[in-house]
Amino acid sequence: MSRVDLEISRRSFLKSGFALGGLSTLRGKGGLSRFAARAPWYRQGEIKTTYGVCDMCPWKCGIVVHSVGGVAKKIDGNPLDPKSRGMLCARGQAGISFAEDPDRLRAPMVRTGDRGQGRFREVSWTEALDESAARILEIRDRYGEESLAIFGHTGGEFWFTDYFAQAWGTPNAAKPSSSLCLSPRDEASILTTGFPVGGHEPVDWSGLECLTLIGSHIGEDARNTLMQDFADGRARGMRAIVVDPRFSSVAAKADVWLPIKPGTDTALLLAWMNVMIGEGLYDADFVDSWTEGFDRLAAHVAEFSPEWAGPITDLDASQIRDTARLMAEHRPRSVIMPGRHVTWYGNDTQRMRAVLSINALLGAYGREGGLYFNKEPYIEAYPHPPFAVTGSSGGCSAEPGETSSELPLGPTGKARADGARKTFLRGPTALQELIAPMISGDPYPIKGLIVYGTNLLNSVPNPERTKQALRELDFVLAIDVLPQEHVAWADVVLPEASCLERYDELSVMSHKTPFIALREPAIEPMYDTKPGWWMARELGIRVGLDAFFRWESIEEYLDKRLLSISSSIEKLRAAGGVIVQQGKPYLSDFEGESPFPTPSGKIELYSAALAEAGLDPLPVYEPVEEPPAGYYRLLYGRHPVHTFAKTQNTPVLNELYPENELWVNAASAREGGWSDGDYAWLENQDGARSGPIRIKATERIRPDAVFMVHGFGQDAPGLRRANRRGASDTKLQTRYRLDPVSGGAGMRNNFVRLLSEV
Ligand SMILES: Nc1nc2c(c(=O)[nH]1)N[C@H]1C(S)=C(S)[C@@H](COP(=O)(O)OP(=O)(O)OC[C@H]3O[C@@H](n4cnc5c(=O)[nH]c(N)nc54)[C@H](O)[C@@H]3O)O[C@H]1N2
Ligand SMILES: Nc1nc2c(c(=O)[nH]1)N[C@H]1C(S)=C(S)[C@@H](COP(=O)(O)OP(=O)(O)OC[C@H]3O[C@@H](n4cnc5c(=O)[nH]c(N)nc54)[C@H](O)[C@@H]3O)O[C@H]1N2
Ligand code: SF4
Ligand SMILES: [Mo]
């Protein structure tokens, strides 16, 4: 942290301490905390209960927040919420610690040093917003609306990436949760079944008899609902098959673990189909009624026997055959869970098509204990003039009614700059593909960037290229709660109030039981922070978009929307924070109508759309590049108490897991002369380095790969607990392979070696 920054934070720290009744300063001296220790929080005054939606990860569990005297004290799961069902994961419980992080951004700031130096001066909201508006108008006048890119994720992304972007007229709005996460899965699903998988993976857990996971690690991927569902399923005797190069937490709890060679899953999936079809184990009635192209698929997989796949996947042919039989034995109450983070090797849409085809062979779609049909809740949007741009930035929470594959045109007639038309077939705007145009100006210049709740230098591969883009841009606006690495590169920084301190857009969730949930403030915004909806509106009005921001207050906005379902904020509160609607989950609910909105009205095992585009109409196994001698493939994933790169500095979560480790196969570690607990530096195939990171020598990973938890190794001095702890997977991902169907960035094509010093 520079001297200037320290100066500022000390000043605002004292100011805010007094604003909170001196709480934080007294706590530091042990004054109030000694007193408070005697009375438990629930006896310290009147308890105020408010409803909310957890923002500690993108899963959006419903919460109930209890506060006393304007201070949040405890967060519980909302028992009426279909996602939390009264429970939360560790990160959800830590929401208060996240909000009370003393390193939070505290006031609007304008840059005084060079980009990247992190030198700012505090300014008023009026000055920060006037400056931002003037700069983006300047860009529009010189280059057009399209020249402003807007990235967003996390909580209030709707206000910027969806609403502001479409009103303003830029098709270059993107979410990391699309092309760096789930777009191959959802594009595969749209091609195959006509609809995306959707935000909540539609596994009908209550009657499921056999679950297969392909590299999805429930438990480390700590999505609350999934952990509950998996535990309940196992208690009922549900069988579980886990395919993962690593003995993950869920592999440890499964019936079968297949330690597959990384990057070969499509070969395994083809062999499973070969067995199911060859041995007549598939659901012939379902396939006859609801699929198209079965004969072509059958002919295609005929040569891909378990004996063919065995040496490719490094699995036994007999294990491949046995697991195919186990899956089929339980059909239709047997599914391969469509994963979530599926941008792995660049051929990901094809792998996902193979997964979905197996679910069709098992007859699982629309069947009890299989895969239900998600339904969108009914509610109207707040009335607004027609958008200048329609179409979607995609991600987990695209606005109702949008299809993720439109190619929107800006008001000046230009299409998205992410190369959708020439590089890949479909998919929402690919965030990482907007970086190159910022540097090259091709196909047209992108000169401005708004980054809302996106961890630009930790979530997007090749961060050195992103820094180059940040140097080239005319204007960068960062809206965040923490002084993350990329914030140091912004011209203007707007500090947001945390999710416990603000109203937000309603959470409108497609689900088996569609539902709508309220996020309301439990406490006042801390320091000089403001909610995202307020910032979007103030900026909108300043750039001439007043017609889109007619609402006088957020309460009026929410009440107007809720009125379309005969509700209101007051009624929603009285109902316990959640309104649950009727779903249409099973085939029988469609009374003979097709639930599959594909051109054929059926599940398209053979994709005519892919064939027409010159791409493989049936899934094909393509070998991936092998690590060079002396290098390991770099795998990465989650830790149960952290979310991406945003919680490493959260006091209670930092205490639980302060730095990541590198999983190295015990025998390979020994051969390399490394012991458990040693620290190593990592260097990738292009010479990029990160670390030092502690070695975890373990039998739980194959010898050809290493694994680390994503989100560590940050270079952000303002995050005093997280700065420079552990190693960064992102810094070692200097390259990715673009998925030609979805625009997803396959990130597991990077290799590392271990160095004892640098
Ligand atoms: N190397 C690597 N890259 C990855 C992944 C990986 O595993 N490894 N995972 C990928 C996946 S699956 C996804 S979904 C994406 C996730 O990508 P991101 O969403 O970019 O990841 P986070 O690190 O959670 O970043 C959230 C940002 O929002 C800020 N923030 C938190 N709360 C608020 C708030 O209330 N308001 C505002 N304005 N900001 C807030 C945080 O400080 C942080 O800067 O990353 C993808 N990229
Ligand atoms: N605690 C926590 N939970 C989270 C999140 C978080 O940040 N923290 N983020 C949420 C989000 S947005 C997402 S997208 C999900 C992501 O959660 P998942 O979809 O479960 O994550 P992945 O990163 O795809 O899965 C990683 C697993 O894939 C394995 N793997 C690596 N290579 C291969 C391969 O070639 N083949 C196979 N079969 N397996 C392989 C790794 O060993 C690892 O166990 O997690 C969600 N849940
Ligand atoms: S899974 Fe955990 S962190 Fe994510 S929304 Fe639910 S409680 Fe919050
Ligand atoms: Mo994700």
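See the structure above.
Sequence order as written defines residue numbering, which begins from 1 separately in each chain. As a convention, the first chain written is A and the first ligand written is 1, with the rest following in written order. For a predicted model such as this one, the threshold for reporting local features is a pLDDT of at least 70, and the threshold for listing and counting side-chain atom pairs is 80 or more; totals across whole chains, interfaces and linings nevertheless cover every residue. Computation of side-chain values covers all heavy atoms of the structure but excludes hydrogens and water.

A look at the side chain of Arg 633
In plain terms, the rule: In DSSP terms, a helix is any run of H or I states spanning at least four residues, a strand is any run of E spanning at least two, and both are numbered starting from the N terminus. Per-residue accessibility, obtained with a 1.4 Å probe over protein chains only, is compared with the maximum for each type, and a residue is labelled buried under 20%, exposed over 50%, and partly exposed between these values. Under the counting rule used here, the positive set is Lys and Arg, the negative set is Asp and Glu, and His together with the chain ends is not counted. Should a side-chain nitrogen of Lys or Arg be within 4 Å of a carboxyl oxygen of Asp or Glu, the pair is scored as a salt bridge. Between N or O atoms, a polar contact is any pair within 3.5 Å; within protein, one atom must be a potential hydrogen donor and the other a potential acceptor, and residues adjacent in sequence are included only when both atoms are from side chains.
Relative to the assigned elements, Arg 633 resides in strand E20 (residues 632-637). Glu 626 provides the closest opposite charge to the buried, unpaired Arg 633, separated from it by 5.1 Å. Reaching out from Arg 633, the side chain makes a polar contact with the backbone oxygen of Arg 748 at a distance of 2.9 Å.

Thoughts on the packing of helix H10 (residues 265-278) against helix H13 (residues 306-313)
Stated precisely, the cut-off is as follows: Only C-alpha atoms enter the line fits that serve as axes; for helices the fit covers just the stretch in contact. Angles between N-to-C directions range over 0 to 180 degrees. Angles below 35 degrees are treated as roughly parallel, those above 145 as roughly antiparallel, those between 65 and 115 as roughly perpendicular, and all remaining angles as oblique. The sense of a crossing depends on the near helix, which, turned anticlockwise from the far helix by less than a right angle, makes the crossing left-handed and, turned clockwise, makes it right-handed. Any two residues having at least one pair of non-hydrogen atoms within 4.5 Å are treated as being in contact. Put simply, Ala, Val, Leu, Ile, Met, Phe, Trp, Tyr, Cys and Pro go in the nonpolar bin, Asp, Glu, Lys and Arg in the charged bin, and everything else, Gly too, in the polar bin.
Look at H10 against H13: their axes get within 9 Å of each other, and the N-to-C directions meet at 160°. Between H10 and H13, the crossing angle belongs to the class labelled roughly antiparallel. Relative to H13, H10 is oriented so that their crossing is left-handed. Residues Ala 267, Leu 268, Leu 270, Ala 271, Asn 274 and Val 275 of H10 touch H13, and the partners they reach there are Pro 306, Trp 308, Ala 309, Ile 312 and Thr 313. Residue composition of the contact of H10 with H13, grouped by class: 9 nonpolar, 2 polar and no charged.

Some details on the site of ligand 2
Our working definition: We call a residue near a molecule or strand whenever a single non-hydrogen atom of that residue lies within 4 Å of it. Under the convention used here, a 1.4 Å probe and the Shrake-Rupley method define accessible areas, while residue burial counts only the protein chains that appear.
Contacts to ligand 2 come from 31 residues, most closely from Gly 215, His 217, Asp 244, Asp 265 and His 642. Separating a nitrogen atom of ligand 2 from a backbone N or O atom of Ala 222 is a distance of 2.9 Å. A distance of 2.6 Å separates an oxygen atom of ligand 2 from a polar atom in the side chain of Asp 244. When isolated, ligand 2 has an accessible area of 910 Å², and the protein chains bury 99% of it. For the shell around ligand 2, the class distribution of residues is 13 nonpolar, 8 polar and 10 charged.

A short note on H13
Of all the positions in H13, only Pro 306, Ala 309, Gly 310, Ile 312 and Thr 313 are classed as buried. Elements that come into contact with the buried residues of H13 comprise H10 and helix H14 (317-329). Taken from the residues just after H13, Asp 314 is the one with a positive phi, measuring 65°.

Any functional reading would require information that these geometric values do not contain.
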